[in-house]
Amino acid sequence: MRIFRARFKPEAHFMFYYLSKTISILAMPITWVVLLLFYAWFAKRPLKKNIALSLTLLLLYFSSTPFFVNKAMRWWEVPPVAYSETPQYDVGIVLSGPVRNFKSPKDRVYIGQGSDRFLHAADLYKYGKIKHILVTGGHKPLNEALENEAEKIKKVLVQCGVPDSVITCESEAKNTRENALNSAEILKAKFPNQKYVVITSGYHMRRSIACFQKAGIEAGSFSTDFLTADERKKIFVTQFFPTSADFNDFSIMVKEMVGLAVYTLLGYA
């Protein structure tokens, strides 16, 4: 297994990193809830106070109620494809992200939400749907001491029975744009003119595919790690009661939508 490392100008990377993070935070539903509550608190006119509180209530309700959140997420997420219906590809490109970084003990890999990305990639390899796995994703940009995500995912893939010889790690990408650019460099050098498939979470697929297309890589999509639930024939009353889990899912969708918009404005997608 060869580990590829790409280089980017530090100034440009950190400027983009902080810009994207700042815009994402400002767009989050919880940010608007807090801002509206502060506005209502300090508003002197009853009409403005009531409008701010009403907007807060509506935002909280529609962004945390299973029925509405699931409808929105089903529209946003790229739908799944069965293994049996998946075409054969040469390289499966796994975008890292679900790895949680803990300094100790170092002999363990901690997996958070999104582990389907590489577990399903292992299945695709075993079913003969992909011949090689490219894992792209580096360490956290503000903590250089931690082992990078790609190498940790590689450990799990090997434990799942994937041979070390068919795994390539790209260990420097810190965001989706760099995932695409760094992967494109590797694919053109090591796997030119072959068939590729991007393996990532359903809610992250739109931005991922757009970045890979911008980097000159045409690839199929294999969505994993879905936040949506199957549509039910009967609508239960409980679907209209807000939950913190649905509020979190809605926030993830908003973050991805804002991320795609920012990437498009900057010419990255």
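Here, the structure is the one placed above.
Notes on the structure in this doc start here. What you see is a predicted model; the values in this text were computed from it and never measured. (Residues numbered from 1 in each chain as written. Predicted model: local features only at pLDDT ≥ 70, side-chain atom pairs only at ≥ 80, totals over all residues. Heavy atoms only, no water.)

**Section: the overall build of the protein chain**
A count of helical and extended segments in the protein chain gives nine helices and eight strands. Burial analysis of the protein chain (269 residues in total) assigns 47% to the buried set. Sequence separation of 24 or more characterises 75% of the internal contacts of the protein chain that already satisfy a separation of 6 or more. Only carbon and sulfur atoms are counted for the fraction: they give 60% of the accessible area of the protein chain, which is about 14700 Å². (Helix = DSSP H or I, 4+ residues; strand = E, 2+ residues; numbered from the N terminus. Buried < 20%, exposed > 50% of the residue type's maximum accessible area, 1.4 Å probe, protein only. Contact = heavy atoms within 4.5 Å. Areas by Shrake-Rupley, 256 points an atom, 1.4 Å probe, with all protein chains shown as cover.)

**Digging into helix H6 (residues 149-159)**
Every α-helix carries 3.6 residues per turn, so stepping three or four residues along brings you back to the same face. Taken across its eleven residues, H6 has eight buried, putting it largely inside the fold. Among the residues of H6, Glu149, Ala150, Glu151, Lys152, Ile153, Lys154, Val156 and Leu157 are the ones counted as buried. Phi turns positive one or two residues past the end of H6, at Gly161, with a value near 100°.

**Let's talk about the packing of helix H2 (residues 29-42) against helix H3 (residues 46-62)**
Running from amino to carboxyl end, H2 crosses H3 at an angle of 160°, the nearest separation of the two axes being 8 Å. On the basis of the axis angle, H2 is roughly antiparallel to H3. Between H2 and H3 lies a crossing whose hand is left-handed. For the pair H2 and H3, the contacting residues are Pro29, Trp32, Val33, Leu36, Leu37, Tyr39, Ala40 and Trp41 in the first and Lys48, Lys49, Ala52, Leu53, Leu55, Thr56, Leu59 and Leu60 in the second. (Axes fitted to C-alpha atoms, helices over the stretch in contact; angles between N-to-C directions. Parallel < 35°, antiparallel > 145°, perpendicular 65-115°, else oblique. Left-handed = near helix turned anticlockwise from the far one by under 90°.)

**Section: the nonpolar core**
Ile133, Val135 and Leu157 are the most contacted members of the largest nonpolar core, which totals 20 residues. Among all residues touching Ile133, those that are not within four sequence positions of it are Gly92, Val94, Ala121, Tyr125, Leu157, Val162, Val166, Ile167 and Thr168. Val91, Ala180, Ala184 and Phe191 belong to the second-largest nonpolar core, a separate cluster that totals 19 residues. (Core = buried A, V, L, I, M, F, W, Y, C linked by side-chain atoms within 4.5 Å.)

**Considerations on the packing of aromatic side chains**
All told, the structure shown has 13 aromatic pairs when counted by the stated rule. Between Phe38 and Phe42 the ring centres are 6.4 Å apart and the planes differ by 10°, which places this aromatic pair in the stacked class. Placement of both Phe38 and Phe42 in helix H2 is noted, with a separation of four residues, approximately one turn of the helix. For Phe38, a relative accessible area of 41% gives the class partly exposed. Phe42 gets classed as exposed once you look at its relative accessible area, which sits at 60%. Seen from their ring centres, Phe68 and Phe240 are 6.1 Å apart, and the 80° between their planes marks the pair as edge-to-face. Here Phe68, found in helix H4 (residues 66-76), pairs with Phe240, found in the loop between strand E8 (219-224) and helix H9 (244-265); they are 172 residues apart in sequence, far enough to count as distant. Its relative accessible area of 31% is what places Phe240 among the partly exposed residues. Taken together through their ring pairs, the aromatic side chains of Tyr61, Phe62, Phe67, Phe68 and Phe240 make up a single cluster. The ring of Trp75 has Arg206 sitting right over it, with the charged end atom 5.6 Å from the ring centre. (Phe/Tyr/Trp six-rings, centres within 6.5 Å; stacked < 30°, edge-to-face > 60°. Lys NZ or Arg CZ within 6 Å of the ring centre and 35° of its normal.)

**Looking at H9**
Over its 22 residues, H9 runs 32 Å from end to end, which matches the ideal 32 Å to within 8%, given 1.5 Å per residue. Directly beyond the C-terminal end of H9, a positive phi value near 80° is found at Gly267. (Expected span 1.5 Å × (residues − 1).)

**What about the pattern of salt bridges?**
The tally for this structure, following the rule as stated, stands at four salt bridges. Linking Lys131 and Asp90 is a salt bridge whose minimum nitrogen-to-oxygen distance equals 3.5 Å. Taken together, the residues span a long stretch of sequence, with Lys131 in the loop between helix H5 (116-126) and strand E5 (132-136) and Asp90 in the loop between H4 and strand E2 (91-95) at a distance of 41 residues. Between Asp164 and Lys154 there is a salt bridge whose closest N-O contact spans 2.8 Å. Placement of the pair is Asp164 in the loop between H6 and strand E6 (167-170) and Lys154 in helix H6, with a sequence separation of ten residues. (Salt bridge = Lys/Arg side-chain N within 4 Å of Asp/Glu carboxyl O.)

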